[in-house]
Structures are given as structure tokens and as C-alpha cells.
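# Examination of the molecular architecture
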Amino acid sequence: MTPGKKVSRKAPPVTVSPTASPSVRTLILGIDRTGRIVQHDRTAPKILARSSDDLLGVNLADITATQPKDGGAPVSPDKGATLVVAGLLEAIKSDREANDMISIALADGTVASSVVTARPMSAGGSDVSAFVILQIPIPSGERFIEPGLMREVLLRDSGPSDEDTLDFSDLAKKMTEQLVPAFCTAAEVLVLESLIGDNEVPAHGPDANVPLRRLHVKHDKENPAWQAAFPVGEILRFPAGSPYARSIESGAPVLETSITPEAAKKLARAWRRKPVGGLLSDTSMLVLPAISKGKVVGLFCCFRELGTRRFDRYDMEMAMDFAGRQAVFFDHATRYNREHATALTLQRAMLPTHLSYPSSIDVRHRYLPGSELVEVGGDWYESIRLPGARVALVVGDVAGHGVRAAVTMGRLRTAIQTLAMLELPPAATLQQLDELMQNIGEREPHFATCAYGVYDAVTGEIELAVAGHLPPLLVNPDGTNEYLEVAPSPPLGIIDDGVVETTRHPVEDGSLFVLYTDGLVESRDRDISEGLDRLQVAFGEGAPEKDLEDLCKTALDGVYSDAKRDDIAVLIAKLRRIPEDHRINFPLEPELSSVRQARSMIRDPLKRWGLEDLIPVTELLVSELVTNAIKYANGETLLQLILEPDRLTCEVHDTSPALPRVLQVDKDAENGRGLHVVSQLSARWGARRSQSGKVVWCEQPVPADIADAMRLAMGIEPPIFH
């Protein structure tokens, strides 16, 4: 600063980087409380229309000027500048920073609009009351004449500095901001469409006809014509012989010192976009290939408009250094997007597309991927229809994120579908899953939490087992709700010698059963107890009468905005019992005469249900099942008929825990063919253990006309099967 007095400052120091805006010149002046200039930097006399002696001592308003409309000589000072300077001085007296615009008279006899910033200062032994920073646009003819400045801006560290820079659009935006206005007046970034659509780099070098996508375009004056003529997101092919095509084919930069109007019009006709011809005519153009692993993956296209310095060989070499550095980030983004897409595809393929459940029950679900930072996770849900109007409701959460969590989730979901069809109790099912996780953990340690419930629509009871998971929420028909008490157990994979217990809970008709993963109630900025309380409020009074889809949306309210949200799975089931007239029990004495009694008992209900055609086959099936129960079990036997719109289920309960099996009998044997008969005459059959013994069951399909009539009467949609 002139005259060079030492200045001490209380206010923040003036820090103006010469590379902050290469299209402007920055001057710093020191003024006193009256607005008189008492100091200036060494470049001020070269830019302003005053010598150093003429500059010191004049008022800040005196260096302003007005450009007459008739194009004559500038008139100094500008009348409006007096009010601007007065406003700046008022701010300085109040110890405030102020900004405004004034017109400055330049040494070349022109006038330029300048952004002026006044910062109050405290200077010991000096008249300086404030520093005034003037940012004056550089004349077009003087732009891009300082190669050192351009190189510093282009080649300074521009690597990804935050978590969103692996997105192609964000990368392209940052790249064009480096190019404009430091190196050119306009720039665009294009990449191969295969990188965006398929996350793949071509195995061979691209030819001129390869499609490219425009990621970003920037003009130094934000001219909307450039945005319209070069729309972001457009996928296009470049005509043969154009600078774009030549650069793609050769993998080398292409320099067009000045695009002729004819060449510009030819390109405009090829794109069927007339404004392109006017924008590119007489511009200087530099096309730079972005090369990764020896292959062209994109283009940087730089333009200098008429009136600025043309591109030359030195500019081309400088810009290729820039393009080489930036191509590395395209390669990183491609690999990241490929891995991310693979994980998402794997995860979504392993989640269920349909849920199955009995006719009296309704189930809805929601799966919300994590935020962009943790999108791929291991949460899953399942609803599996079981024989005897029962349903298995499951929600689980594999620890961690990414491909490994998604693969483990798929293994667990496949295993639990198999185990559910074996009709093991919930605790036994989770013990088996734990063994699977232990085996997986031998190769790569992993663990998961799981809540597994089996609801019986005949008894109205739910059996529940939980491994390290949050307790389910049960919402009663009157709107009261509670988290079900479950026996604590470690997560799957680390149970070791621990015991998983099954608890049984009676459920009122019309209750809601809500399973969820921890992402719904827990976040970085919210305690889990707050999330649990919020969930109870969401399923408060009136919730059982609401549509389940609306309840799913309500459950997720407030979680979308969390920037670091875990993935979330929610499963909501409305539990209703099978209507009483569709379930009938017949207690039987442990005597062979009970077989004949059982056959006669089933006739009346089948006639009442309109299933007379099924009576002969059903009598035979009941005979075989009851005979086996009486022959091999001790104690009372129970015959149960369950009618659903699509199936008739016959169940025989006895006190023996031994499960029946199909025997391979000799053709001349007179016994042992009972289950062979059952398997041939029924649609399917099976057996499961119960609290008091076992249940052997078989199913028969209900005629379509009767099934449709039942669904219409019950107001339900056809059931969905896996």
C-alpha cells in the first residue's frame, strides 16, 4: 500500500485471492472517515484514470465517471456516486461492512461498473478508517493473457473434497467452474452415455458415432442462450469431421482457432438447432479428450468468444494437463456407480415382490432405502402363508451396509422361507438361522437381528421369538397399544449357547401387528426412546380403522429428511380370526369307532358350505388321518375343518409328538398306505408339532365359483401366493 505506513486492524483482514475471479481486477484503497483516499495499492494508478499523486487526497466519489449515451468522453465524477459513497461512510461510522456498485473511470478512457466493498478498520497512527475493495471487470481483449494465472487456477488441487463428488453431475459442475471464467468464456462437459447408463467403459475405443451425454454447461455471463442451445442431460452424436468427432477418434485435443460461420452452421444443421450456429460462429474452440486407462471416456469443450484472445498451442497443452487430472475422477465415479448399482440390484432382487397371507388377514409393507451415503443395507421383511390359516410375519436387519449385507440378507430370507414351510416353532426357526449365521461367520464375521411371529387365525394367538431385535408393537382395536414383552436374546450369529424362547400372546380380533427395523426409530440426532414413543403416537386412537397403506406412510413420516438415515423395513398386519362358521372342531375319543363318527360329522358342514362334491374325498381323507391318530397316539383326538375362500383344510390334532412319514411298503402289504392315499387325494399335506403333540393336515381346493362367492361376501381380494 502507498504510502506504506504500518496498519494494525481490529476487523478481519482483507484477503482477496488473485485467482478468486480471474475475469476481474481487484484494487484496494484506504480512505479516511470523510471518504478521502489516503492509501492505494501499486496497481491502482495503472488501472484508474489518475496518477499516484492525483489519486491520493481525492474523494472516493471523484474517481467515478458516467459514460454518455452518445458515446462521447466519460463525464467525471458520477453524480449518483456521491450518494453511494455517503452510504458507505455511514456504514463505516457504525463499524459495519457495506457493499454497492459504482462506475469507475479507467486509464484507457472507458467506464466500468465495479463492485465496491467498504470494510471498517482501526489503524494506529494512520488516517485509514476503512479499506475499499474495488472489483473491476477486465476488458475482453485483455482476458486470458496471463498464462501463469490460468495454469494456477486449472491445475490447483481439485479432487473430491466431500461425499457427493462421486456423482457425475456434481463432478461436471465443479470442472466447468474451474474452466469458466479463468480459462474460457464458456465450457461444457460430456461423457460416454455407457458410463452413465451402464456404468461401463467400452472394451474398444469409441468411434465418432458413439453417444455422449452433456453433464453441464457454463457461460461466464450466464447467457440463457447457451443453456437453451446446449441443454444439460442431452444425449447426442456428433457429425463426422466435426472437432468433437475428430477428438473422440484420435484421442487427441483439437484446436479450432476460429470456427467459421459455415462450419458453425453445418454443426447447427446436424443437431437441428439453429441458435448453435450463431453462438459458435467466430469463436475459438478447444476440444479436450478425457482419457482413462487409454480410452476416451468424455470431452471437455472450451470456447472463447469474439473479442477475447484466441486459443493457442500453449493453452492446449495446459488444458490437457487439466483434462488428464479430471479423467481420473470420472474413472472413480464409474467404479463407484457400478459397485453401487450392483449392490442395489442384488438387494432389490432379494427382497420379496409379493407377500402371501390367509384370507382373514391383511398385510402391507414399506421398504425405504438408506440415504445416499448408506443406501444399500440388509433390512428385509417377509409374510409367508402357512397351512391351517396361519401366517409367518418376519422382519430382520443384517448389520452393516453394502454388498456383503445384501448377500447375507438374501441367504437369511431364503433360509427362513424354507424353515417356515417346515413349520418349526419360532424359537426353533431362529436357532436354525443362528447356526446358518455361525457358518457364514466362519468365512466373514456377521450378525443380524430378527423378529419372527406366527399368527393363528383360528385360535387368535401369536407365537413370537426375537433375536436381538426391537419388540413388535401390538395395536388393539380400541387404539391402545403396547410393545410386546419378549424374552431377550442375542442377535443371530452370536447366540452361541444362549436360548431363544417363544412367547405367546392372545390377540383381539382386528388388532394391528407392527414389525419394524431400528432405522425407523433410531437416528444420529434422535434417541431411540423418542422414536419408539413417536411410533406409538402414530398408531394411536383410530389407527385400526385406517387404511394400511396410509398407516405405512404415517409410520415413515419424519424420516425422509435424515441425511444419514439407515434403511428401514416396516411390516403391518391386520389380524382377524377366521369366521366362526368357517371353523369347526370335533373332539373324538381314542377309539376306532370314532373314525365312522368323524366321517358322519363332516357331512353337514360341507353341505352347508356348498361343498357336497367334496364329501366323498373328504370322508376318505378324514378316515386315514383319524385312524393314524387313534392308532399311534394316546389321549383325545381333535378333528378340525377350516374353510377359506380358496381351500378346505382338514386337521387332526393328537397327543403324540412323533411326526408321521410316508412308508415304502411292499405291493402285497395290507397296511402302511394311509399317507400314500392322503398325498394322492389332497392338494398337499403335512405335519407340525404343537404344544400338546402334533397336527397332521391336508388341503383341498375349493371350486372357483364358491371361492369367488366367498371372497365377494367377505369383501376381500384374491390371495397372493409366492
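Above this text you will find the structure in question.
In this report, we go over the structure that sits alongside the text.

What counts as what
Residues numbered from 1 in each chain as written. Predicted model: local features only at pLDDT ≥ 70, side-chain atom pairs only at ≥ 80, totals over all residues. Heavy atoms only, no water. Phe/Tyr/Trp six-rings, centres within 6.5 Å; stacked < 30°, edge-to-face > 60°. Helix = DSSP H or I, 4+ residues; strand = E, 2+ residues; numbered from the N terminus. Buried < 20%, exposed > 50% of the residue type's maximum accessible area, 1.4 Å probe, protein only. Salt bridge = Lys/Arg side-chain N within 4 Å of Asp/Glu carboxyl O. Expected span 1.5 Å × (residues − 1). Arc of directions from axis to C-beta. Pairing = 2+ DSSP bridges. Axes fitted to C-alpha atoms, helices over the stretch in contact; angles between N-to-C directions. Patch = residues over 30% accessible without salt bridge, like charges linked within 9 Å, V, L, I, M, F, W, Y side chains within 5 Å. Areas by Shrake-Rupley, 256 points an atom, 1.4 Å probe, with all protein chains shown as cover. Lys, Arg positive; Asp, Glu negative; His and termini not counted. Charge placed at Lys NZ, Arg CZ, Asp CG, Glu CD. Contact = heavy atoms within 4.5 Å.

## Some points on the packing of aromatic side chains
For the structure on display, the rule yields 12 aromatic pairs. The interplanar angle of 90 degrees and the centroid separation of 6.1 Å between the aromatic rings of F230 and W271 together place this pair among those described as edge-to-face. Placement of F230 in the loop between helix 7 (224–229) and strand 8 (235–236) and of W271 in helix 9 (residues 261–271) is noted, with a sequence separation of 41 residues between them. Taken individually, F230 and W271 each receive the classification buried, so the pair is uniform in this respect. Between F300 and F322, the ring centres sit 5.6 Å apart and the planes meet at 65 degrees, which makes this aromatic pair edge-to-face. Here F300, found in strand 11 (residues 295–304), pairs with F322, found in helix 11 (residues 313–350); they are 22 residues apart in sequence, far enough to count as distant. Note on F300: relative accessible area 0%, which makes it buried. Through a chain of ring-to-ring contacts, three or more aromatic side chains come together here, namely W226, F230, F238, Y244, W271 and F303.

## Here's the deal with the pattern of salt bridges
Throughout the structure, instances matching the rule amount to 29 salt bridges. One salt bridge connects E256 with R246, and the closest N-O pair in it is separated by 2.8 Å. Here R246 lies in helix 8 (residues 243–250) and E256 lies in strand 9 (residues 254–256), a separation of 10 residues in the sequence. Taking the relative accessible area as the measure of exposure, R246 reaches 31% and is therefore partly exposed. R390 is the salt-bridge partner of E423, the closest N and O atoms lying 2.4 Å from each other. One end of the pair, E423, is in the loop between helix 12 (403–421) and helix 13 (426–443); the other, R390, is in strand 14 (residues 390–401), and 33 residues separate them in sequence. Connected via shared salt-bridge partners are R385, E644, D646, R647, R684 and E699.

## Here we look at helix 3 (residues 81–93)
For helix 3, with 13 residues, the first-to-last C-alpha span of 18 Å sits near the 18 Å given by 1.5 Å per residue. Turning to helix 3, its buried residues number three or more, namely A81, V84, V85, L88, L89, A91 and I92. Along helix 3, the residues classed as buried sweep out an arc of 160 degrees about the axis, all on the same side. Turned more than 90 degrees away from the buried face of helix 3 sit T82 and L83, all of them exposed. Remark: D95 follows helix 3 within two positions and exhibits a positive phi of approximately 60 degrees.

## Some remarks on the sheet that holds strand 23 (residues 637–644)
Pairing within the open sheet is antiparallel, and its five strands lie in the order 22-23-24-26-25. Each of the sheet's edge strands pairs with one partner strand only, and the pair in question is strand 22 (583–588) and strand 25 (684–689). Strand-to-strand twist across the sheet, computed as the mean angle between neighbouring axes with direction ignored, equals 15 degrees. Summarising the sheet, strand 23 and strand 24 (residues 647–654) pair through seven bridges and their orientation is antiparallel. In the strand pairing of strand 24, L638 is matched with H653.

## Overview of a negative patch on the surface
Side chains of D478, E508, D509, E541 and E545 sit close together on the surface and give a patch of like negative charge. Its location among the elements puts E508 in the loop between strand 19 (503–506) and strand 20 (511–516). Here E508 falls in the partly exposed class, since its relative accessible area comes to 49%.

## Re helix 4 (residues 147–155)
Considered for burial, the residues of helix 4 that qualify are M150, V153 and L154. Projected down its long axis, helix 4 shows its buried positions confined to an angular sector of 95 degrees, all on one face. Tucked inside the fold, the buried residues of helix 4 contact helix 5 (168–179), strand 11 and helix 11.

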